[in-house]
Amino acid sequence: MQETDSQSQEQATATKAASAPAKSRTLWGDAFKRLRKNKLAVIGVCWIIIVVVVALTADLWAKPWLGSPTASDSTTMAETSLLAPCAEHPFGTDSLGRDILVRVIYGARVSLSVGIMATAISTVIGLVMGALAGFYGGIWDTIIMRCADIFLAFPYVLFVVAMIAVIGRGLQNVFIAIGILGWPSIARVFRSAILTVKENDYVDAARAMGAPDARIVVRHIFPNSVASIVVYATMNIGGAILTESALSFLGMGVIPPTPSWGSMIQDGQQYLLTAPWMMIMPGLAILSTVLAFTLLGDGLRDALDVKMKDA
Amino acid sequence: MADKNERTPLLKVEHLSKEFPAESGMFAKRFSKRVVSAVNDISFEIYPGETFGLVGESGCGKSTTGRTIMRLTQPTAGKVFFQGKDVAEMSKHEIKDMRREMQFIFQDPYASLNPRMTIGEIVSEPMTIHGVGTKEERIERVRELLDVVGLNPEHINRYPHEFSGGQRQRVGIARAFALKPKLIICDEPVSALDVSIQAQVLNLLKELQDKFGTAYLFIAHDLSVVQHISDRVAVMYLGKMVEVSDWKTLYSEPHHPYTQSLLSAVPVPDPDIQKTRKRIILAGDPPSPLDPPTGCRFHTRCPIAQGICSEKLPEFKEVAPGHCCACHFAEPFPIKESHIDL
Amino acid sequence: MKKNKNYVDLKDQPVPEGQHLLEVDDLKMYFHTEDGVVRAVDGVSYTLDRGETLGVVGESGSGKSVTAMTIMGLISMPPGKIEGGDVRYRGRSILEMTEEEMQHIRGNDIAMIFQDPMTSLNPVYKIGKQVGEGLRLHRGYSKQEALKRATELLDLVGIPEPEKRVNEYPHQFSGGMRQRVMIAMALACDPDILIADEPTTALDVTIQAQIIELMQEMQEKNGNAIIMITHDLGVVADMADKIMVMYAGRPVEFGTAEEIFYESRHPYTWGLIRSIPEQAIEEKKPLTPIHGNPPSLMNLPEGCVFSPRCPYATDKCRKQRPERVVTESGHYSACHYSGDPEFLKNAPATSRTRKDSEKGGEA
């Protein structure tokens, strides 16, 4: 309601009538307000926060409560392996008697760090490439975009697997492989955003004033095209988590016994009928987290859409 | 206007042409010879403090003319002199100086203001770019400007989306006047606005001109608006200038058949006049600038065209002092009969 | 009439005694949005008969288009909601009709043309197919019959070489030609009422003149009524018999074209007339704009909606919503002072009053 009031006040303020200086609303501020109204996006954010907090604080409470996520005790294994979910082990235990909940919690560390780091790498490369292609056009545009086309023409997971095969396994190499191979889509999104923004009269207006290129880029083009990258990167985190899971499932991800959601599903594969929780629990973790990032991305897209303001 | 010839023109445009390649893409420039002739060999002058109206229908090249003068695009041929200096031969430094003296007002009040900048930042940007004053001085000047264009100076920290279309156009005007330029190119500044707001903005532009002595190149498709604000008016058709004259002569004694039909096609908000006045309704559509007609570009729609019109390009010649027209039959017209009789 | 055998074609029904072809009676259409209620149309009334042209004039956001869309049943509800009033076509309430009945009305009895001829045609179908679609739908024409009639219609609206052009696609037509196609499409089923929503706004003046002439010609031939929605007073002066001036969702003045242009009684209409630059050949008259901006439809001012911008507003205007002041001829004006002859002296001079004063001066 407050928004409506200030708007109508705005209208009523005839061209010159002096009114008390109302608090100004920035577009980012407005976007945040709109995001808060979007229930699904709020659910997504909450879930992401929960997962992050749980994963970061796991050493403090999860380990003492549920035991180590990696070590298995061979003496008690017979009694503790493949237990169905119960009060003691809410998610059940796996074939080596390890608690699945604690493994899912520690697996979140891997998934989140891969999602965020890989996306960060892709975004940095993608922004530079997209900016070069969008701002300068011509030969830069042709070279960069044809490269991107070639990258995108390969089956993505296969490409990542091939790269891991070359640089070796391990968490860091997973970041690098997923990150490096993810740049083309970000570059494309950024380039098209820049091309759209470049068409706006305010860019011409700045040029007509005699503004140097650097100023036009920094003050006019970048702030107006970055929104699409924020949205795309958010959704890309979910995508990177999925890719990591696929890699781990294929045995190309992090090295066991470090738990990862993908490798847990792979472990559970052979117990599909006898101990389905071994697959279902990490599967649910992947599903909910990826969904949360997608919901947040969707919400951001709606919230950051400037055009909706003018309706 | 009498001493016009003795004054030096502020802006002089000589045989200006602008062509765009018809196809875009990697190989277009190299292999395609097809071009869109947007502006073709036009010349005019603008004197200090006057308003020069440029009127024509969509695609006639009026906006391209403005943008080419502003060097937002490079001309294909022809010269532009600003304060006696050839723009093409200016050094980088001189170009920057010229941009101080020549500003632009855009048509779309939504697209012409950066949505992520405050009104204050937008209006002070020309001063920031040209390093005028200290930060405090600039803020003071922005407040002054906002007040002058009829906006509340308290709104300096607000963003464009908090304003209506008319108010945004005022912001655009404040920005154009920030450096007190000698010439402002107004590209359809009121055509996106409602009638009542349009009148506010037109009055504001007039007021500011009286105050600062700025010259306007006023580009619009609306004849009534152009007549209202202009001292002299030029009519364009398909990239060519067909007639130039002072506003009174153009509207009372239009020589060119296109000007006459344009004038008669504008509906007058007065049923009595509307019922009785004579009208020339042109047949067909304007031809494509990709493939303009030979000879006189208007001959395909001209009600009085003859054989020569499709063969020979009519010369743009003076039919009376200060009144030029490009038509083979400009003189023998029964002009009086077709003009709007009030 | 293959599909609806038992359907009575309303167009063939006589207009009931003492009623009009179209009667809009105190129509109210509000939009219920998250931010509040938008009173898009608030109490619109008018009547229309065959052969007549009604001009609806107003600025953007004045509710002129929403009124037309409501009559056509094209407003999605929710968020739209009819809060009162009625629309009667040949004595039958349109608002009470089922969707199926409305589908029969649309295109057949009441047709509409839109502002943007570039987006109102479907780019993937040939022109002939689109023009004949209504005939196949409403009249049960066969493909060949529809195409034949479409060719005739294109010829009728002045498109050269219609036999060739029925087989072309919309992108092969210019803006003016597309608007002609739209008119051909709208007139295909010989509708009673043609609603034209800013049909010439996107067109150049010389093309606008062609389209206006065409619409008038078609009206003379078919005898249909036209509702012309526009922001351009010049266009209504050219076409309209009656004019309704709208402001902030409400009709502020309604009367014949002569009454609106020469005997206007509402300060908003005066403001509009004073805002238009006149084509003068003697002296340029300064424009007198209306101050301020139109109000938000969510937060209308108390009393008269125009009072914050009205130069004559009094305390009464700011507090009390004005009733319509109606003259014998049916000319109404929603202003407290419309009946006051002293107040009406504030009206802008017109070509008629100027002539009169000249004559008076001579005598």
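To be clear, the structure that these remarks concern was listed above.
Below is a summary of the structure that appears in this document. None of the values given here were measured: they were computed from a predicted structure. (Residues numbered from 1 in each chain as written. Chains lettered and ligands numbered in written order. Predicted model: local features only at pLDDT ≥ 70, side-chain atom pairs only at ≥ 80, totals over all residues.)

## Things to note about the overall build of chain B
Part 1: Helix and strand counts for chain B come out as 12 helices and 12 strands.
Part 2: Relative to the globule expectation of 20 Å for 342 residues, the C-alpha radius of gyration of chain B, 21 Å, shows essentially globular dimensions.
Part 3: Out of the 342 residues in chain B, the part that is buried amounts to 50%.
Part 4: In chain B, of all internal contacts separated by at least 6 residues, the share reaching a separation of at least 24 is 66%. (Helix = DSSP H or I, 4+ residues; strand = E, 2+ residues; numbered from the N terminus. Rg over C-alpha atoms; globule rule 2.2 N^0.38 Å. Buried ≥ 20, exposed ≤ 12 C-beta atoms within 10 Å, placed from the backbone. Contact = placed C-beta atoms within 7 Å.)

## A short note on the sheet that holds strand 9 (residues 232-237) of chain B
Strands pair in a sheet through their backbones, by hydrogen bonds, and they do so in one of two ways: parallel or antiparallel.
Residues and elements named next belong to chain B.
Part 1: Across the sheet, which stays open at both edges, the 8 strands sit in the order 6-7-8-3-9-10-12-11 with mixed pairing between neighbours. With partners counted over all chains shown, the strands left at the sheet margins are strand 6 (102-105) and strand 11 (317-320), one partner each. The mean angle between the axes of side-by-side strands here comes to 20°, regardless of whether they run parallel or antiparallel.
Part 2: Taken strand by strand, helix 10 (residues 257-265) contacts strand 9 and strand 10 (240-246), and its axis lies near 100° from that of strand 9. (Pairing = 2+ DSSP bridges. Axes fitted to C-alpha atoms, helices over the stretch in contact; angles between N-to-C directions.)

## Points about the sheet that holds strand 4 (residues 77-82) of chain B
Residue and element names in this part refer to chain B.
Part 1: With antiparallel pairing, the 4 strands of this open sheet are ordered in space as 2-1-4-5. The sheet is open, and its two edges are formed by strand 2 (35-46) and strand 5 (85-86), each paired on a single side.
Part 2: Where strand 4 lies against strand 5, 2 bridges are found, and the strand directions are antiparallel. Bridged to F82 within strand 5 is K85.
Part 3: Packed onto the sheet, helix 2 (residues 62-69) meets strand 1 (11-21), strand 2 and strand 4 and runs at close to 110° relative to strand 1.

## Some words on helix 2 of chain B
Part 1: Among the 8 residues that make up helix 2 of chain B, 8 are buried, leaving the element largely enclosed by the rest of the structure.
Part 2: Inspection of helix 2 of chain B places K62, S63, T64, T65, G66, R67, T68 and I69 of chain B among the buried residues, and these make up the whole buried set.

## Regarding the packing of helix 10 (residues 201-209) of chain A against helix 11 (residues 213-249) of chain A
Residue and element names in this part refer to chain A.
Part 1: Two elements in contact, helix 10 and helix 11, have axes whose closest approach is 10 Å; the angle formed by their N-to-C orientations is 155°. As judged from the angle between their axes, helix 10 and helix 11 are roughly antiparallel. Every pair of crossing elements has a handedness; the one defined by helix 10 and helix 11 is right-handed. Between helix 10, through Y202, V203, A206 and R207, and helix 11, the contact on the second element is made entirely by I216, H220 and I221. (Parallel < 35°, antiparallel > 145°, perpendicular 65-115°, else oblique. Left-handed = near helix turned anticlockwise from the far one by under 90°.)

## Some remarks on the nonpolar core
Part 1: Formed by 266 residues in total, the largest nonpolar core has its most connected members in L217 and F218 of chain B together with A184, I227, M228 and V236 of chain C.
Part 2: The element contributing the most residues to this core is helix 5 (residues 100-136) of chain A, with 16 residues. (Core = buried A, V, L, I, M, F, W, Y, C linked by C-beta atoms within 7 Å.)

## What to know about the packing of helix 5 of chain A against helix 13 (residues 277-304) of chain A
Residue and element names in this part refer to chain A.
Part 1: Where helix 5 contacts helix 13, the axes come no closer than 10 Å and their chain directions differ by 35°. The way helix 5 lies across helix 13 gives a crossing that is right-handed. When helix 5 is examined against helix 13, the residues I100, V104, G107, A108 and S111 are found in contact with a partner set consisting of W277, M278, M281, P282, A285 and T289.
Part 2: Split into classes, the residues belonging to the contact of helix 5 with helix 13 amount to 8 nonpolar, 3 polar and no charged. (Nonpolar A, V, L, I, M, F, W, Y, C, P; charged D, E, K, R; others polar.)

## A short note on the interface of chain C and chain B
Part 1: Contacts between the two partners involve 39 residues from chain C and, on the opposite side, 38 residues from chain B.
Part 2: If you list the elements that add at least two residues to the side of chain C that touches chain B, you get helix 6 (175-187), helix 7 (205-222), helix 8 (233-239), helix 9 (257-262), helix 10 (267-275) and helix 12 (351-362) of chain C.
Part 3: Here the side of chain C that touches chain B is built from residues that sort into 17 nonpolar, 13 polar and 9 charged.

## Points about the pairing of strand 6 of chain B
Residues and elements named next belong to chain B.
Part 1: Alternating positions in strand 6 separate into two faces, M102 and F104 on one and Q103 and I105 on the other, with burial throughout.
Part 2: Relative to strand 7 (residues 183-187), strand 6 is paired through 4 bridges, and the arrangement is parallel. Each bridged residue has a counterpart across the sheet, and for F104 the counterpart in strand 7 is I185.

## What about the pairing of strand 8 (residues 215-220) of chain B?
Residues and elements named next belong to chain B.
Part 1: Of all 6 residues making up strand 8, 6 are buried, and the element is well covered by its neighbours.
Part 2: Of the two faces of strand 8, both are covered, the one formed by A215, L217 and I219 as well as the one formed by Y216, F218 and A220.
Part 3: Direction of pairing for strand 7 relative to strand 8: parallel, over a ladder of 5 bridges. The residue bridging I185 from the neighbouring strand is L217, located in strand 8.
Part 4: In terms of handedness, the path from strand 7 via helix 7 (residues 195-212) over to strand 8 forms a crossover that is right-handed. (Right-handed = clockwise from strand over helix to strand, strands pointing away.)

## Things to note about unusual backbone geometry
Backbone geometry follows two general trends: most residues other than glycine have a negative phi, and most peptide bonds adopt the trans configuration.
Residues and elements named next belong to chain C.
Part 1: One non-glycine residue, E161, adopts positive backbone phi at about 50°.
Part 2: Mapped onto the elements of the fold, E161 is located in the loop between helix 4 (143-156) and helix 5 (162-165).
Part 3: Despite not being glycine, E198 shows a phi value in the positive range, around 45°.
Part 4: Mapped onto the secondary structure, E198 falls in the loop between strand 7 (193-197) and helix 7.
Part 5: Classification of E198 by C-beta neighbours within 10 Å gives partly exposed; the count is 19.

## Thoughts on helix 5 (residues 135-148) of chain B
Since one α-helical turn is 3.6 residues long, residues separated by three or four positions face the same way.
Residues and elements named next belong to chain B.
Part 1: Relative to the 20 Å expected for 14 residues at 1.5 Å per residue, helix 5 spans 20 Å between its end C-alpha atoms, a close match to the ideal helical length.
Part 2: Within the sequence span of helix 5, burial applies to R138, V142, L145 and L146. What you see down the axis of helix 5 is that its buried residues fit within an arc of 100°, all on one side. Opposite its buried face, helix 5 presents the exposed residues E136 and E137, each directed more than 90 degrees away.
Part 3: The secondary structure elements touched by the buried residues of helix 5 are helix 4 (119-129) and helix 6 (165-177).
Part 4: G150 sits one or two residues past helix 5 and shows a positive phi near 85°. (Expected span 1.5 Å × (residues − 1). Arc of directions from axis to C-beta.)

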